[in-house]
Amino acid sequence: MSETERQVFVATPTSFALEAHLAPYAAHSAASRGRRYAEQPPSARTEFQRDRDRIVHSTAFRRLEYKTQVFVNHEGDLFRTRLTHSLEVAQIARSVARNLRVNEDLVEAISLAHDLGHTPFGHAGQDALHECMRDHGGFEHNLQSLAVVDQLEEHYGAFNGLNLCFETREGILKHCSRENARRLGDLGERFLTGRQPSLEAQIANVADEIAYNNHDVDDGLRSGFITLDQLSDVCLWHTHHEAARNEFPRIDGRRLIHETIRRIINTLIVDLIDTTNANLVRVAPESLDDVRRSPPLVEHSEEIATQAAALKRFLFKNLYRHYRVMRMANKAQRIVTGLFNAFTEDPRLLPPAYQVRGPVTEESANDAAAPTYDSSQARLIAHYIAGMTDRYALKEYQRLFVIDDN
Ligand code: MG
């Protein structure tokens, strides 16, 4: 099967029926810029539903359960993981999408896939791997999420990766340097021309922020790293905490915290829908192409954006820089760097699938299935480490560095 980049879909009776309610500026399956490898249309789903389903069935998706969001998985059973974070993002994004009559299936696919490329140990792991890869093109989790769905998943007979639609891949690639954008062809174009992605991609992006700002407050309080007293200086928290207390004077503890957080999430979602709706009325896009040419349309009102930014600053200062979080980050950095260095010094320590087998031949260089991917030894090591769960990385570190009698 050949790579097309622009397989044209036709509206099937199923996709037409399932997407008939969408606004003209939504992403419709039939107007998709297609999959990289041509496939038969799905019989009982839309193309974006198929993407969502492929993501849920992927190996990388299951790994999210054991990857750190802020707290390392083994620190407690109730903290968010990358998996529960992704589910919360999808929930928020779908609520917004349904209200704006844009494609819920696409927004869900993007939300569930957006963190597939995260390393073990959250941002500390990513920063360490980026530093290790400094002379080899760097490491960036967005690009890695794309590599997972384009290249690394081994699920289908006809192609590597999941062969997702252009719009899903576009949504996954939130940020991109100009250098990488040039290399990515079609997908990188918007970073060079200053165009926007679909509304569905814009929604998933803001939903990500709404989700982590709120669940990090919840997890931060649960861990005791931040306190209610500290939070009382944060306007968004204070307003809703007071309102919850006034309405339910007899509740306290976890119940009051949840009651406050649900009010904050609701306020952010409703504000996002209202402000975006007003933008859509003002700009009046008639198609997805109009959306791409417009300024970003999915946004909060100025007042709420300011309040949300203050909450984010609070979390950065008091939670993400808390000394106990920093200790774990430091440990994570040593594990990732230690693994990378050991594998670089002696690639024979790697599982065979991650060892470069000889120089690239003319024949393999012409292989349409993997034409532009970096297959250097350093990149394969980065793929291997990035795919690890927290506990797998810890075990691998012990296997390589700890001499015991087992
Ligand atoms: Mg995220």
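Residues numbered from 1 in each chain as written. Predicted model: local features only at pLDDT ≥ 70, side-chain atom pairs only at ≥ 80, totals over all residues. Heavy atoms only, no water.

Points about the pattern of salt bridges
Move 1: Following the criterion strictly, the structure yields 29 salt bridges and no others.
Move 2: Between Glu88 and Arg80 there is a salt bridge; the shortest N-O distance is 3.0 Å.
Move 3: On the basis of relative accessible area, Arg80 is assigned to the buried category, the value being 15%.
Move 4: The network of salt bridges with common partners includes Arg45, Arg52, Asp53, Arg94, Arg98, Glu104 and Glu108. (Salt bridge = Lys/Arg side-chain N within 4 Å of Asp/Glu carboxyl O. Buried < 20%, exposed > 50% of the residue type's maximum accessible area, 1.4 Å probe, protein only.)

Description of helix H4 (residues 82-100)
Move 1: Along its 19 residues, H4 runs 27 Å from first to last C-alpha, staying within 8% of the 27 Å computed at 1.5 Å per residue.
Move 2: Turning to H4, its buried residues number three or more, namely Arg82, Leu83, His85, Ser86, Val89, Ala90, Ile92, Ala93, Val96, Ala97 and Leu100.
Move 3: After H4 finishes, the residue Arg101 shows a positive phi value of roughly 55°. (Helix = DSSP H or I, 4+ residues; strand = E, 2+ residues; numbered from the N terminus. Expected span 1.5 Å × (residues − 1).)

Regarding the packing of helix H6 (residues 122-132) against helix H17 (residues 323-345)
Move 1: Interaxial distance between H6 and H17 falls to 8 Å at its minimum, and their mutual angle equals 35°. You can see that H6 and H17 cross each other, and the crossing is right-handed. On the side of H6, the interface is formed by Ala124, Gly125, Ala128, Leu129 and Cys132, while H17 contributes Ala329, Ala332, Gln333, Val336, Thr337 and Phe340.
Move 2: Broken down by class, the residue content of the contact of H6 with H17 amounts to eight nonpolar, three polar and no charged. (Axes fitted to C-alpha atoms, helices over the stretch in contact; angles between N-to-C directions. Left-handed = near helix turned anticlockwise from the far one by under 90°. Contact = heavy atoms within 4.5 Å. Nonpolar A, V, L, I, M, F, W, Y, C, P; charged D, E, K, R; others polar.)

So, the packing of aromatic side chains
Each aromatic ring pair is characterised by the separation of its centres together with the angle its planes make.
Move 1: Using the criterion set out here, one finds seven aromatic pairs in the structure.
Move 2: For the pair Phe316 and Tyr320, a centre-to-centre distance of 6.4 Å together with 80° between the ring planes defines the contact as edge-to-face. Highlighted residues: Phe316 and Tyr320, both in helix H16 (residues 302-320), separated by four residues, approximately one helical turn.
Move 3: Summarising the aromatic geometry, the rings of Tyr397 and Phe401 are spaced 4.6 Å apart at their centres and angled 40° between planes, so their arrangement reads as tilted. Placement of the pair is Tyr397 and Phe401 together in helix H20 (residues 390-401), with a separation of four residues, close to one helical turn.
Move 4: Grouped by ring-pair contacts, the aromatic residues Phe343, Tyr354, Tyr384 and Tyr392 constitute a single cluster.
Move 5: The cationic tip of Arg33 hangs over the ring face of Phe166; the distance from NZ or CZ to the ring centre is 4.1 Å.
Move 6: Its end group placed over the ring of Tyr156, Arg54 keeps NZ or CZ at 4.8 Å from the ring centre. (Phe/Tyr/Trp six-rings, centres within 6.5 Å; stacked < 30°, edge-to-face > 60°. Lys NZ or Arg CZ within 6 Å of the ring centre and 35° of its normal.)

Quick word on the coordination of the magnesium ion
Move 1: Every protein donor of the magnesium ion is listed here as His85 (NE2), His114 (NE2), Asp115 (OD) and Asp208 (OD), and their distances to the metal cover 2.2 to 2.6 Å.
Move 2: Read N to C, the donor residues that coordinate the magnesium ion are spaced as H-x28-H-D-x92-D. Note that Asp115 is positioned in the loop between helix H5 (104-113) and H6 and Asp208 in helix H11 (residues 199-223), a separation of 93 residues in sequence.
Move 3: Judged by relative accessible area, Asp208 falls into the buried class, the value being 7%. (Donors = N, O, S within 2.8 Å, 3.2 Å for Na, K, Ca; no water.)

Description of the side chain of Asn214
Move 1: Relative to the helices and strands, Asn214 is located in helix H11.
Move 2: By relative accessible area, Asn214 is classed as buried at 2%.
Move 3: Setting aside chain neighbours within four positions, we find Asn214 in contact with Ile261, Ile264, Ile265 and Leu268.

Topic: the state of the cysteines
Move 1: The tally for this structure, following the rule as stated, stands at zero disulfides.
Move 2: Free of any disulfide, Cys176 has its nearest neighbouring cysteine sulfur in Cys165, separated by 20 Å. (Disulfide = S-S within 2.5 Å.)

A few points about the environment of His215
Move 1: If you trace the backbone, His215 turns up in helix H11.
Move 2: For the pair formed by His215 and Thr84, sequence separation is 131 residues and the distance between their alpha carbons is 9.9 Å.
Move 3: In this structure His215 touches Gln69, Arg80, His85 and Glu88, once residues within four positions along its chain are discounted.

Observations concerning the confidence of the model for the chain
Move 1: Averaged over every residue, the pLDDT of the chain is 91; residues scoring 70 or more account for 93%.
Move 2: For residues 364-371, every residue scores under 50 in pLDDT, and the model assigns this stretch five contacts once sequence neighbours within four places are set aside. (pLDDT = per-residue confidence, 0-100.)

Remarks on the UniProt feature "domain: HD" (unreviewed entry) in the chain
Move 1: The UniProt record marks residues 82-213 with the feature "domain: HD" (unreviewed entry), using the residue numbering of this structure.
Move 2: Between the C-alpha atoms that bound residues 82-213 there is a distance of 14 Å. The span itself is 64% helix and 0% strand. (UniProt positions renumbered as here; feature names shortened; annotations may be inferred.)

Things to note about unusual backbone geometry
Move 1: Non-glycine residue Phe121 carries a positive phi angle of around 65°.
Move 2: When you line up the elements, Phe121 lands in the loop between H5 and H6.
Move 3: Relative accessible area serves as the criterion here: at 4%, Phe121 is assigned to the buried category.

As for empty space enclosed by the protein
Move 1: Considering all chains together, one arrives at two cavities of 30 Å³ or more under this definition.
Move 2: Within this model, the second largest cavity holds a volume of roughly 50 Å³.
Move 3: Around the second largest cavity sit Ile110, His114, Gly171, Ile172, Lys174, Ala201, Ala204, Asn205 and Asp208, which together line it.
Move 4: Elements with a minimum of two residues in the lining of the second largest cavity: helix H8 (166-172) and H11.
Move 5: Ranked by residues supplied to the lining of the second largest cavity, first place goes to H11 with four residues.
Move 6: Of the residues in the lining of the second largest cavity, the class split is four nonpolar, three polar and two charged. (1 Å grid on protein atoms, 1.4 Å probe; cavity = no way out; pocket = protein on both sides within 12 Å on 5 of 7 lines; lining within 4 Å. Points joined across faces, edges and corners; volume = space filled by probe spheres on them.)

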